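The chain contents come next:
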Amino acid sequence: MEKNKVNLRICGNSYTIVTEDDPEYVEELGAIIDEEMKQISQESPVLSMTQCAVLVALDRADACKKATASADNLRAQIKDYLEDSARARMEVDVARREIERLNREISNLRNRLAEK
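Numbering of residues begins from 1 in every chain and follows the order in which that chain's sequence is written. For a predicted model such as this one, the threshold for reporting local features is a pLDDT of at least 70, and the threshold for listing and counting side-chain atom pairs is 80 or more; totals across whole chains, interfaces and linings nevertheless cover every residue. Side-chain descriptors were evaluated using all non-hydrogen atoms of the structure, hydrogens and water having been removed beforehand.

1. Here we look at the overall build of the chain
Secondary structure elements follow DSSP: runs of H or I of four or more residues count as helices, runs of E of two or more count as strands, with numbering from the N terminus. From N to C terminus, the chain includes 2 helices and 2 strands. When the helices and strands of the chain are listed from N to C terminus, the series reads β-β-α-α. The C-alpha atoms of the chain give 32 Å as radius of gyration, which overshoots the globular expectation for 116 residues (13 Å, by more than 25%). Based on the C-alpha atoms only, the size of the chain along its principal axes is roughly 100 × 35 × 15 Å. Within the chain, the proportion of its 116 residues that are buried is 12%. Counting only contacts in the chain whose residues sit at least 6 apart along the sequence, the fraction spanning at least 24 positions is 16%. Exposure was quantified through the Shrake-Rupley algorithm and a 1.4 Å probe, taking into account, for residues, occlusion by the shown protein chains and nothing else. For the chain, the accessible surface area stands at approximately 9,700 Å², while carbon and sulfur atoms represent 55% of it. Charged residues are defined narrowly, with Lys and Arg counted positive, Asp and Glu counted negative, and His plus the chain ends left uncounted. One atom stands in for each charge, and that atom is NZ of Lys, CZ of Arg, CG of Asp or CD of Glu. Side-chain charges of the chain comprise 18 positive and 23 negative groups, with the mean position of each set lying 11 Å from the other. The size measure is the radius of gyration over C-alpha atoms, and the globule rule it meets is 2.2 Å times the number of residues to the 0.38 power. In this scheme, a residue with accessible area under 20% of its type's maximum is buried, one over 50% is exposed, and one in between is partly exposed, where area comes from a 1.4 Å probe on protein chains only. Here a residue-residue contact requires only that any non-hydrogen atoms of the pair lie within 4.5 Å.

See below:
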């Protein structure tokens, strides 16, 4: 895959990132980090850029971990729904066969009554 060099400016510092991702995507990520670091820096001007970066990294790691847990939960729910759906389809098939059997039995009984 093609490597892209992307120049980012985060809190006044320049970073060159080599990535296979789309440059616009990486620039968007850089803008998000820049904005979050600037916001933390404005709210707590005594923090160093490293401390701001650590706080942003912790926030992002927290969001990632929660999103992963949420995705895992959704996967489990989908699996349960698929199992329920398969079980219901089997029950419908059994019910249809029983209906067909009963309809044949009714038809046979009607034929016998008609013969008598």
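From this point, the narrative continues.
2. A closer look at helix 1 (residues 23-43)
Quick reminder: α-helices carry 3.6 residues per turn. Residues three or four places apart thus point the same way. Its 21 residues give helix 1 an end-to-end C-alpha distance of 30 Å, which sits within 8% of 30 Å, the value for a rise of 1.5 Å per residue. Turning to helix 1, its buried residues number three or more, namely Val26, Gly30, Asp34, Glu36, Met37 and Ile40. In this structure, the buried side of helix 1 is in contact with strand 1 (4-10), strand 2 (13-19) and helix 2 (49-115). In this scheme, a helix's expected span is set at 1.5 Å multiplied by one less than its residue total.

3. Considerations on the environment of Asp21
By the element assignment, Asp21 lies in the loop between strand 2 and helix 1. If we skip the residues at most four places from it in the chain, Asp21 touches Asn4 and Val26.

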